[in-house]
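If you want the building blocks of each chain, they are given just below.
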Amino acid sequence: MSETLIKVEGVSKKFCRSLKKSLWYGLQDLGREITGRRHGGNGELRPGEFWALKDVSFELKRGECLGLIGRNGAGKTTLLRMLNGLIKPDAGRIEMRGRVGALIALGAGFNPILTGRENIYVNAAMLGLSKQETDSKSEEILEFAEIGEFIDTPVQSYSSGMAVRLGFAVAAVLLNPDILLLDEVLAVGDVNFQIKCGRRIRELASRATVIFVSHSMYYVSWFCSRVIVLGDGGILCDAINPAEGIQAYLSMTKIKENVFETGEASVSDFQLLSDSGISLPADVTLDHGAHISIDLTLIIYPSQLHTKMILTILDESTSGVIYFQVKDETDSERIFEVGKYKLNICMGALDLNGGKYSLLIALFDADSNAVVLRKEGICPFQISGATYTNAKIVRTAVARLI
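Residues numbered from 1 in each chain as written. Predicted model: local features only at pLDDT ≥ 70, side-chain atom pairs only at ≥ 80, totals over all residues. Heavy atoms only, no water.

## What about the pairing of strand β15 (residues 307-314)?
Spelled out, the test is: For each residue, the accessible area found with a 1.4 Å probe, counting protein chains only, is set against the maximum for its type, and the residue is called buried under 20%, exposed over 50%, and partly exposed in between. Secondary structure elements are taken from DSSP: a helix is a run of H or I of four residues or more, a strand is a run of E of two residues or more, and numbering for both begins at the N terminus. Here, any two strands with at least 2 DSSP bridges between them count as paired.
Counting buried residues along β15, 7 of its 8 residues qualify, which places the element largely inside the surrounding structure. As paired strands, β15 and strand β18 (residues 355-365) are joined by 8 bridges and run antiparallel to one another. Opposite Met309, over in β18, you have Leu363 as the bridge partner. Pairing of β15 with strand β16 (residues 320-327) involves 5 bridges; the strand directions are antiparallel.

Now the structure itself:
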């Protein structure tokens, strides 16, 4: 039976919206602690206070990687800060067993006037490592961080990407933790670094406990073995199957349409269709690998305008994951001139991770490449399951007249 490394029992945390009241309440709490009374009072809310977290409980064993997800303000970072000992809970109990590593803020714990190399040794000394032990791991840290000669430059001159590279390398390599706490660490950095971090997290999760806070279902579905959805100050869903947790989170979100148009063209009458031609409702849930197409009406107004079309599948963060070059039956780029078109565009198999998606349609002037129309958030749908794919995909889609 795996060893339990994290135990959270009935943890609650409240904050005050007023800075002045917050400072006064802080003094009151300090006085209570000095006299041996409970921090935060008896569980009641004082004027201006609200519960950031209320009665949260869970356990994590060695080898588990927990994805902690929820909307902004759901309490994810607050919970991580309490687990790391940065702030105290007002009620409940937290038990942590083993060495804890955390990357909650970019470059947290770094002295900005020291170089990256000096910060490595300072952090190592604070963790109780000798200079010889740090020397033996420094090359691995430098290799992972990939910041080159900037390692001997003051950290205050680092970009956010460089700071998170070094911070993650120190947390993952130098500490070799039993428990690793990560807050949006993959939100910064290029794709190659994100993949490298993901692989290291999976490696660590095989022998440690990892809590990963993210808004990207792409990464949550990749390496998390369990998902907790936070909302309204508590746990809304605790799923051993990550796909169920992701589904619960996505059901809370609604994709909005965004439109830019010059008045020279319009697109309307969108209808998502299954492989068999059956109309699909908005927010339909589809299996990984399902085949879909879209019907739409396109109108080009000026007679001198020649346009080309691009169709893109967007994820929940509105990042493109599959790009379609719209062509005709002869495999030539389809050019639309003045007139009204009813089109069916086949997108084929959806090689997508579990998550929420929508479509973007853009029209460009074929001569100048100027944007004529851009409409995103069209026909939202969901993919079930937690399949992981990494590459951005470019395909050809044939626009057929109907």
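## Quick word on the packing of helix α4 (residues 131-145) against helix α5 (residues 160-174)
Filter applied, for reference: Axes, fitted as lines to C-alpha atoms, cover a helix only where it is in contact. Angles between the N-to-C directions of the axes lie from 0 to 180 degrees. Any angle from 65 to 115 degrees is called roughly perpendicular, while one under 35 is roughly parallel, one over 145 is roughly antiparallel, and all others are oblique. In this scheme the crossing of two helices becomes right-handed for a clockwise turn of the near helix relative to the far one and left-handed for an anticlockwise turn of less than a right angle. The contact criterion used is simple: two residues touch if any of their non-hydrogen atoms lie within 4.5 Å. Asp, Glu, Lys and Arg are counted as charged, while Ala, Val, Leu, Ile, Met, Phe, Trp, Tyr, Cys and Pro are counted as nonpolar; the rest, among them Gly, fall into the polar class.
With their axes 9 Å apart at the nearest point, α4 and α5 run at an angle of 140 degrees to one another. It follows that α4 is oblique to α5 by the angle criterion. Here α4 runs over α5; the crossing is right-handed. Residues Thr134, Lys137, Glu140, Ile141, Phe144 and Ala145 of α4 touch α5, and the partners they reach there are Arg165, Leu166, Phe168, Ala169, Val170, Val173 and Leu174. For the contact of α4 with α5, the class distribution of residues is 9 nonpolar, 1 polar and 3 charged.

## With respect to the environment of Ser276
Put simply, the rule reads: Two N or O atoms count as a polar contact when they lie within 3.5 Å, although within protein this holds only if one can serve as hydrogen donor and the other as acceptor, and sequence-adjacent residues are included solely when both atoms are side-chain atoms.
As for its position among the elements, Ser276 is in the loop between β11 (265-274) and β12 (279-280). With a relative accessible area of 59%, Ser276 lands in the exposed category. Distance from Ser276 to Pro47, taken between C-alpha atoms, is 59 Å for residues 229 residues apart in sequence. For Ser276, the side chain forms a polar contact with the side chain of Ser274, separated by 3.1 Å.

## Examining the sheet that holds strand β1 (residues 4-16)
With respect to topology, 3 strands assemble into an open sheet ordered β2-β1-β4, the strand pairing being antiparallel. What marks the edges here is a single partner per strand, and that holds for β2 (49-61) and β4 (91-96). Taking the axes of each pair of neighbouring strands and ignoring which way they run, one obtains an average angle of 20 degrees across the sheet. Of the pairings in the sheet, the one linking β1 to β4 comprises 5 bridges and is antiparallel in character. Looking at β4, one finds that Lys7 is bridged to Glu95. In this fold helix α2 (residues 76-83) packs onto β1, β2 and β4, with an angle of close to 120 degrees to the strand it touches most, β1.

## Considerations on the environment of Ile294
Tracing the backbone through its elements, the reader meets Ile294 in strand β14 (residues 291-300). Considering only alpha carbons, one finds Ile294 and Leu280, 14 residues apart in sequence, at a separation of 9.8 Å. Once residues lying within four places of it in the same chain are set aside, the contact partners of Ile294 are Phe270, Gln271, Leu272, Leu311, Leu343, Asn344, Ile345, Met347, Leu359, Ile378 and Cys379.

## Examining the sheet that holds strand β7 (residues 209-213)
Spatial strand order, β5-β6-β7-β3-β8-β9: 6 strands in an open sheet with mixed pairing. The open sheet has two free edges, formed respectively by β5 (100-103) and β9 (234-239), since each of these has just one partner strand. Pairwise comparison of adjacent strand axes, ignoring direction, gives a mean angle of 15 degrees for this sheet. In this structure, strand β3 (residues 65-69) lies alongside strand β8 (residues 226-231), joined through 4 bridges in parallel fashion. Its bridge partner being in β8, Ile69 is matched across the sheet by Val229. Against the sheet, helix α8 (residues 242-250) contacts β3, β8 and β9, and its axis sits at roughly 20 degrees relative to β8.

Any link to function would need more than the numbers given here.
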